[in-house]
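Coordinates in review
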Amino acid sequence: MAGTTIEWYDFFIYALCAGLVFSTQFFRGLGQDSLIISFATIGISFFFRPVGAALAGHLGDRLGRRAMLILTLLLMGVSTTLIGLVPTTDSIGAGAPVILVVLRIVQGLSAGGEWGGAALISVEHAPPNRRGTYGAYPQLGAPIGLLLANGVLAAVTAVTTHEQFMTWGWRVPFLLGVLLIAVGFVIRRRVEESPVFKELKGSGRQPRTPLAALFKNHWPLVAAGTLLFAANNAVGYMTTGGYVQSYSVKVLGIPPTTILIAVMIAAVGWLISTLAGGRLSDKIGRVMVYRVGFIIQLVWMFPFLALLNTANVTLVVLSLIVYSIGLGLTYGPQAALFSEMYPTAVRYSGAALSYALGAVLGGAFAPVIAEALESSTHTVYSVGVYLAAVTTVGLIVTFVLKDRAGVSLSDVANDETETVGTGVH
């Protein structure tokens with residue numbers, strides 16, 4: 001949880017600043033398209049997540065989960081700190097956005113490989129009847145990271161003038177990443193390797209090319225996992241990707257500090273519902289919890305946007321809290337579900353790639369699509385139609401994916417040659 005919190009703090013800080021800062025500091029020369037291009041740089045990094053997932057998955061299935069946890073943490077931390085030092089376009093010209101995008105790509109590589117290791121190290125240590133609960137803790141890194149990112153930005157905007165914030169204040173949250181790296185590194189060095197992986201390594205049954213084995217025997221599971229996470233990620237990236245914050249400030253006229261605090265409150269709701277979703281999945285199954293979460297997302301989508309449009313702070317906070325419940329229920333069981341979908345020999349590759357590809361399909365350009373839809377239709381409800389459609393796809397997937405809660409994670413009981421028939425109806 002500590003490690004994923006640091007990873008997502010770093011990742012979200014960029015997404016939030018893309019809407020509030022980067023469009024003017026790095027992409028101002030693009031005129032009216034500067035905001036859309038700024039949001040697009042969030043999406044570019046997502047295309048490198050599968051690369052990071054493939055690399056970390058291969059090494060994680062061959063060398064172990066623990067080593068990847070440390071490597072991805074350091075990669076994310078260094079790139080985030082360097083973003084806080086990049087000169088603006090006014091200082092070095094066209095080189096500024098190029099450097100910014102390169103560092104964002106490095107963040108994408110790290111994020112693509114990080115989650116799989118964190119999820120597996122938690123779930124593979126868990127008792128069979130508590131995998132949902134154990135697996136929910138690395139999931140908490142996302143809402144806590146969002147909480148920290150919004151909190152630090154809110155604090156900086158509160159103590160600086162608009163000019164000071166745009167000049168140097170926005171760099172502070174990135175530079176604070178140095179402290180977080182140190183904390184995370186100390187914690188992750190003390191994590192023991194997964195007992196399930198130790199068993200696999202001792203058996204000598206590791207495939208030379210886990211990725212090839214994954215796609216040969218389990219590609220329908222990868223497709224199902226991708227669509228499932230895409231439905232959660234697209235909806236989640238309205239807040240984590242900065243769209244709601246940008247829309248609230250630039251269209252509704254809500255002060256930046258106010259909307260950041262509102263999202264912080266919602267992040268607490270997301271945290272609670274994520275943990276509840278993981279625990280509930282131990283009682284009624286992963287798939288059933290997903291269905292409930294997706295239905296909440298669908299039912300609340302348009303009321304959420306209507307309350308947001310009132311620009312009334314109380315109603316905005318209420319709308320975001322309910323919005324976060326659906327997100328948490330479709331996020332909390334994810335680590336356990338993805339871990340139980342794949343055999344040990346390809347589990348890191350399978351879980352990481354399902355996650356990374358789902359992020360590309362769902363979250364990569366969700367803020368860009370939302371911004372483009374709202375700008376072209378002049379109504380935020382067009383964004384609601386888009387998100388409702390994506391959620392519906394995720395809901396459909398829950399009816400073709402088998403729930404394998406409690407299945408043995410041992411490689412002996414879950415052989416690498418096992419076909420997808422055990423995971424998809």
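Okay, so let's go over this structure. Since the structure is predicted, the reported quantities are computational estimates derived from the model, not experimental observations. (Residues numbered from 1 in each chain as written. Predicted model: local features only at pLDDT ≥ 70, side-chain atom pairs only at ≥ 80, totals over all residues. Heavy atoms only, no water.)

Bringing the overall build of the chain into the picture now. Scanning the chain from N- to C-terminus turns up 21 helices and zero strands. Its C-alpha atoms give the chain a radius of gyration of 20 Å, within 12% of the compact-globule value 22 Å for 425 residues. Projected onto the principal axes, the alpha-carbon positions of the chain cover approximately 60 × 45 × 30 Å. Counting over 425 residues, the chain shows a buried share of 60%. On the chain, roughly 15,000 Å² of surface is accessible, and the fraction owed to carbon and sulfur atoms is 71%. Positive and negative side-chain charges in the chain, numbering 25 and 20 respectively, have mean positions lying 5 Å apart. (Helix = DSSP H or I, 4+ residues; strand = E, 2+ residues; numbered from the N terminus. Rg over C-alpha atoms; globule rule 2.2 N^0.38 Å. Buried < 20%, exposed > 50% of the residue type's maximum accessible area, 1.4 Å probe, protein only. Areas by Shrake-Rupley, 256 points an atom, 1.4 Å probe, with all protein chains shown as cover. Lys, Arg positive; Asp, Glu negative; His and termini not counted. Charge placed at Lys NZ, Arg CZ, Asp CG, Glu CD.)

A few words now on helix α11 (residues 177-189). Taking 1.5 Å as the rise per residue, α11 with 13 residues should run 18 Å; its terminal C-alpha atoms sit 18 Å apart, in good agreement. Among all positions of α11, only Gly177, Ile181, Gly184 and Arg188 are buried. On an axial view of α11, the arc spanned by its buried residues comes to 75°, and they lie on one face. Summarising the geometry of α11, the exposed residues directed more than 90 degrees from the buried face are Leu179 and Val186. Lining the buried residues of α11 we find α1 (2-25), α4 (65-83), α6 (95-123) and α10 (171-175). (Expected span 1.5 Å × (residues − 1). Arc of directions from axis to C-beta. Contact = heavy atoms within 4.5 Å.)

Time to look at the packing of helix α13 (residues 210-240) against helix α17 (residues 313-329). Between α13 and α17, whose axes approach to 10 Å, the crossing angle comes to 150°. Comparing their axes, α17 and α13 come out roughly antiparallel. As for the relative orientation of α13 and α17, their crossing is left-handed in sense. Two secondary-structure elements touch here, α13 through Asn232, Val235, Gly236, Met238 and Thr239 and α17 through Leu320, Tyr323 and Leu327. (Axes fitted to C-alpha atoms, helices over the stretch in contact; angles between N-to-C directions. Parallel < 35°, antiparallel > 145°, perpendicular 65-115°, else oblique. Left-handed = near helix turned anticlockwise from the far one by under 90°.)

The full count for this structure, using the stated rule, is four salt bridges. For Glu340, the salt bridge identified is with Arg131, shortest N-O distance 3.1 Å. Highlighted residues: Glu340 in helix α18 (residues 334-341) and Arg131 in helix α7 (residues 131-139), separated in sequence by 209 residues. The residues Glu340 and Arg131 share a single accessibility class, namely buried. Arg286 is paired through a salt bridge with Asp282; the nearest N and O atoms lie 2.9 Å apart. Residue Asp282 is classed as partly exposed on the basis of its relative accessible area of 23%. Salt bridges linked by common partners bring Arg131, Asp282, Arg286 and Glu340 together as one network. (Salt bridge = Lys/Arg side-chain N within 4 Å of Asp/Glu carboxyl O.)

Together, Ile44, Phe47, Phe48, Val51 and Leu55 line one region of the surface with nonpolar side chains, adding up to about 420 Å² of accessible area. With respect to the helices and strands, the residue Phe48 is situated in the loop between α2 (34-46) and α3 (49-62). What makes Phe48 partly exposed here is its relative accessible area of 30%. (Patch = residues over 30% accessible without salt bridge, like charges linked within 9 Å, V, L, I, M, F, W, Y side chains within 5 Å.)

Let us look at the side chain of Glu114. Checked against the element boundaries, Glu114 lands in helix α6. Its relative accessible area of 2% is what places Glu114 among the buried residues. Excluding its chain neighbours within four sequence positions, the residues that come into contact with Glu114 are Gly3, Thr4, Glu7, Leu69, Thr72 and Arg188.

As a further point, take unusual backbone geometry. Note: most residues except glycine have negative phi, and most peptide bonds are trans. In this model, Ala311 sits at a positive phi of 60°, which is unusual for a non-glycine residue. Structurally, Ala311 is set in the loop between α16 (286-309) and α17. Relative accessible area serves as the criterion here: at 29%, Ala311 is assigned to the partly exposed category. You will see that His378, though not glycine, has its phi angle at about 60°, which is positive. With respect to the secondary-structure elements, His378 resides in the loop between α20 (366-377) and α21 (381-397).

As far as function goes, none of this settles anything; it's purely spatial.
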